[in-house]
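Residue-level listing of the chains:
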Amino acid sequence: MNEQIITVKNLTKQYQETQLSGIRNINFSIKKGDIVAIIGESGSGKSTLLKCIYGLLKANEGEVFLNGKRVKGPDEQLIPGHAEMKMVTQDFSLNIYAKVYDNIASMLSNTDIAAKKAKTLEMMERLRITPLKDKKVIDLSGGEQQRVAIAKALISDTKVLLLDEPFSQVDALLKNQLRADIKRLAKETGLTIILVSHDPTDGLFLADQLLILKQGELLQNDSPEHTYSNPSSIYTAQILGNAVVLNQQEAHQLGIKTQKQHVVFYPEWVELKNTWSSKRFEVSEVYYKGFYDELLLERNGVKIRALQLNSGEHKKNDHVKANIGRFLEF
Ligand code: ADP
Ligand code: MG
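Residues numbered from 1 in each chain as written. Chains lettered and ligands numbered in written order. Predicted model: local features only at pLDDT ≥ 70, side-chain atom pairs only at ≥ 80, totals over all residues.

1. Details of the overall build of the chain
Part 1 of the argument: In terms of regular secondary structure, the chain is built from nine helices and 18 strands.
Part 2 of the argument: Burial analysis of the chain (330 residues in total) assigns 35% to the buried set.
Part 3 of the argument: In the chain, 63% of the contacts between residues at least 6 apart in sequence involve partners at least 24 apart. (Helix = DSSP H or I, 4+ residues; strand = E, 2+ residues; numbered from the N terminus. Buried ≥ 20, exposed ≤ 12 C-beta atoms within 10 Å, placed from the backbone. Contact = placed C-beta atoms within 7 Å.)

Structure (structure tokens):
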């Protein structure tokens, strides 16, 4: 089960000749049945990459292969897109005046009415929208509409599901449910899923493989765990974990010796304990986070952040001993 389902080779899409836009020289492959998350700030090229993979956008250079066959661009076929892939975008593209059932069933032909009905009902069950069967799409919440859109995308023997910012319209509670459902769907059906998001928590929770995009370039391609603990750039550390970034001079102020320009660490790498290398910091702010506090600490005018798992343990203007247990240099 180590088959590659998708391979992207040297993919470049430039919208304008002069300005930087789109994506540049992207290379990666995806294993069948995996969930891949593409994370990057707004404008980093996520949607462009997704559209090129699906065959909606013509790349300037490079190719996409699905099961070894090149995916055709929009200029090479009558209906742009690929029969074995489906893309769900933020607007869902549903018929909002039609019933949920009819929206999904409309993707299947009428050659076998009984099979059509059975398949539609099964897909609704999988997405947990059976109770919405006879409702019109316009009367559904954003999260419900999204489930309908996914059911509709999956019903016609889709091998690869492309999701563009799938969680942006959904509230926090539904978001968790939808994430879990997507993970379950991939496991149950062997479906391969590519989702793009500017919110790293989507990707970290779900994905088998994480791609980090910045200004159209692929910075890192690895497992979420490895990427998080070994970010290859400051950007990755910041987008994934709200990292603290110090310049060389600030690092020296805290007693960290470095030859590099920057020292980077996550707040949870700061140990609030008294060791031989601990330094005295003043607590300049306490942010309540529920079951923990985030502390803003200051020493010699340099500010860092640390986590205090015993919420309420420290107050503003307290003094604490802290040790930066691990840091990366860039
Ligand atoms: P993301 O989805 O990560 O927010 P996009 O792929 O939409 O990013 O856009 C990547 C870059 O390409 C941005 O700088 C954007 O302004 C530019 N871009 C996207 N679509 C077009 C277009 N149709 N024409 C010109 N520039 C575009
Ligand atoms: Mg986008």
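From this point, the discussion proceeds with the structure in view.
2. Description of the domain arrangement of the chain
Part 1 of the argument: Domains assigned within the chain are domain 1 (4-234) and domain 2 (242-329).
Part 2 of the argument: Taken over C-alpha atoms, the centre of domain 1 sits 39 Å from the centre of domain 2. (Domains from an automatic or database assignment.)

3. Re the sheet that holds strand β11 (residues 244-247)
Part 1 of the argument: Taken in spatial order, the three strands line up as β11-β12-β18 in an open sheet, and their pairing is antiparallel. At either end of the open sheet lies a strand with only one pairing partner, and these are β11 and β18 (328-329).
Part 2 of the argument: Judged from the two bridges that link them, strand β12 (residues 262-265) and β18 form a sheet pairing that is antiparallel. Bridge pairing links V263 to E329 in β18. (Pairing = 2+ DSSP bridges.)

4. Side note on the pairing of strand β4 (residues 61-66)
Part 1 of the argument: Summarising the sheet, strand β1 (residues 4-13) and β4 pair through five bridges and their orientation is antiparallel. Among the inter-strand pairings, K9 is bridged to a residue of β4, identified as E63.
Part 2 of the argument: Where β4 meets strand β5 (residues 69-70), two bridges bridge the pair, whose relative direction is antiparallel. Residue pairing across strands places F65 opposite R70, the latter belonging to β5.
Part 3 of the argument: Linking β4 back to β5 in an antiparallel pair, the connection comprises two residues, with N67 at a positive phi of about 50°.

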